[in-house]
Amino acid sequence: MLILLPPSEGKTPAAPGPAVEWESLSFPELNPSRAKVLEALGTVSAHEDALALLGVGASLREDVERNTRLHAEPAAPAHQVYSGVLYDALGYDSMTPTQRGKATETILVVSALWGAIGFGDHVPAYRLSMGTALPDVGRLASYWKPQLGAALAGRAEGELVVDCRSSTYAAAWTPPAQQTVAVNVFSESNGKRTVVSHFAKHTRGELARHLLTRRGKAPATPGQLLKAAREVWPSELVDGTARKPHALNIILKG
């Protein structure tokens, strides 16, 4: 099983310590591309209109300033740097050592800056969205898509891919449809079903935690994933096609 997560919008800066060691990152073949994005991000972040160019507000000025010195900023494991609703629900810190090891082996974070990293990879806190366009790079989802396709093909081979990414990050890599299940979350009240946003992040984090902490073998097929999800939530599986992944619809009762 392979669980794909988006990064959090907010990130927790690492405590003082060593900067990122590029060769220690997962998928080191992506390092030249990562370096290009980092350089472009540093240039944009130093611009007087950096906040507007990156599409963020004045409250994030410190985060944007940090983008100009990421080569030297202290790094920490991705599971410490990424925070927010999904990661709070995942609750890595409250897992047992065995469960944490499983999380590190199973989770990949698709990132606008790094392309894709493992959950234990050490990175600095940064501010960049996959929907951003950078000079000499372009739209980041388009930039990363062919490169992630090549780099992640081997990692995904033979695995059930549980895709908990938002649509913005899903655009950066399309795993093989027949072995991928996209996770959707709906609220249902009085027979009416609506898409939810905040609770979708929370529920995807809870699902990832459940899959990593439940007893028994990890699901290896879409049907087994549905069975595991139904241990906690009313759920349904929509079969995919040759090009469209399966969909696991989790229903939150209103």
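Attention in this report is confined to the structure presented alongside it. Since the model is a prediction, treat every value here as computed from it, not as a measurement. (Residues numbered from 1 in each chain as written. Predicted model: local features only at pLDDT ≥ 70, side-chain atom pairs only at ≥ 80, totals over all residues. Heavy atoms only, no water.)

Ile3, Trp114, Leu128, Leu134 and Val162 are the most contacted members of the largest nonpolar core, which totals 83 residues. Once residues lying within four places of it in the same chain are set aside, the contact partners of Ile3 are Thr106, Ile107, Leu108, Val162, Cys164, Ala208, Leu211 and Leu212. (Core = buried A, V, L, I, M, F, W, Y, C linked by side-chain atoms within 4.5 Å. Buried < 20%, exposed > 50% of the residue type's maximum accessible area, 1.4 Å probe, protein only. Contact = heavy atoms within 4.5 Å.)

Turning our attention to unusual backbone geometry. Notably, Asp136 is not glycine yet its phi reads approximately 65°, a positive angle. For Asp136, the position within the fold is in the loop between strand E6 (133–134) and strand E7 (138–139). What makes Asp136 exposed here is its relative accessible area of 73%. The phi torsion at Asn190 lies on the positive side, around 55°, for a residue other than glycine. Within the secondary structure layout, Asn190 lies in the loop between strand E9 (180–189) and strand E10 (192–195). (Helix = DSSP H or I, 4+ residues; strand = E, 2+ residues; numbered from the N terminus.)

Attention shifts here to helix H6 (residues 97–106). All of the buried residues in H6 are Gln99, Ala103 and Thr106. Burial along H6 is one-sided: seen end-on, the buried residues are contained in an arc of 80°. Looking at H6, the residues exposed on the side facing more than 90 degrees away from the buried face are Pro97, Thr98 and Glu105. Packed against the buried residues of H6 are strand E1 (2–5), strand E3 (107–111), helix H7 (140–156) and helix H9 (198–213). (Arc of directions from axis to C-beta.)

Next up on the list: the pairing of E1. Burial along E1 is two-sided: Leu2 and Leu4 facing one way and Ile3 and Leu5 facing the other are all buried. In this structure, E1 lies alongside strand E8 (residues 161–163), joined through three bridges in parallel fashion. Note that in E8 the partner of Ile3 across the bridge is Val162. Relative to E3, E1 is paired through three bridges, and the arrangement is parallel. Residue pairing in the sheet places Ile3 in a bridge with Ile107 of E3. (Pairing = 2+ DSSP bridges.)

What follows covers H9. Helix length check: H9, at 16 residues, gives a terminal C-alpha distance of 23 Å against a target of 22 Å (1.5 Å per residue), a fit within 8%. Restricting attention to buried positions, one finds in H9 the residues Ala200, Thr203, Arg204, Gly205, Leu207, Ala208, His210, Leu211 and Leu212. (Expected span 1.5 Å × (residues − 1).)

Where helix H1 (residues 31–45) meets H7, the axes come as close as 11 Å, and the angle between the chain directions of the two elements is 170°. Judged by the angle between their axes, H1 and H7 are roughly antiparallel. Contacts between H1 and H7 involve Ser33, Arg34, Lys36 and Val37 on the former and, on the latter, Leu140, Tyr143, Trp144 and Gln147. Class assignment for the residues of the contact of H1 with H7 results in four nonpolar, two polar and two charged. (Axes fitted to C-alpha atoms, helices over the stretch in contact; angles between N-to-C directions. Parallel < 35°, antiparallel > 145°, perpendicular 65-115°, else oblique. Nonpolar A, V, L, I, M, F, W, Y, C, P; charged D, E, K, R; others polar.)

Under the counting rule described, the total for this entry stands at ten salt bridges. The residue Arg66 makes a salt bridge to Asp63 at a minimum N-O spacing of 3.3 Å. Of this pair, Arg66 and Asp63 both sit in helix H3 (residues 61–66), three residues apart, which is roughly one turn of that helix. Taken individually, Arg66 and Asp63 each receive the classification buried, so the pair is uniform in this respect. In this structure, Lys253 engages Glu188 in a salt bridge whose closest nitrogen and oxygen atoms are separated by 2.5 Å. With a gap of 65 residues between them, Lys253 in strand E12 (residues 246–253) and Glu188 in strand E9 connect regions that are remote in the sequence. Several salt bridges converge on common partners, so that one network encompasses Asp63, Arg66, Arg69, Glu73 and Arg127. (Salt bridge = Lys/Arg side-chain N within 4 Å of Asp/Glu carboxyl O.)

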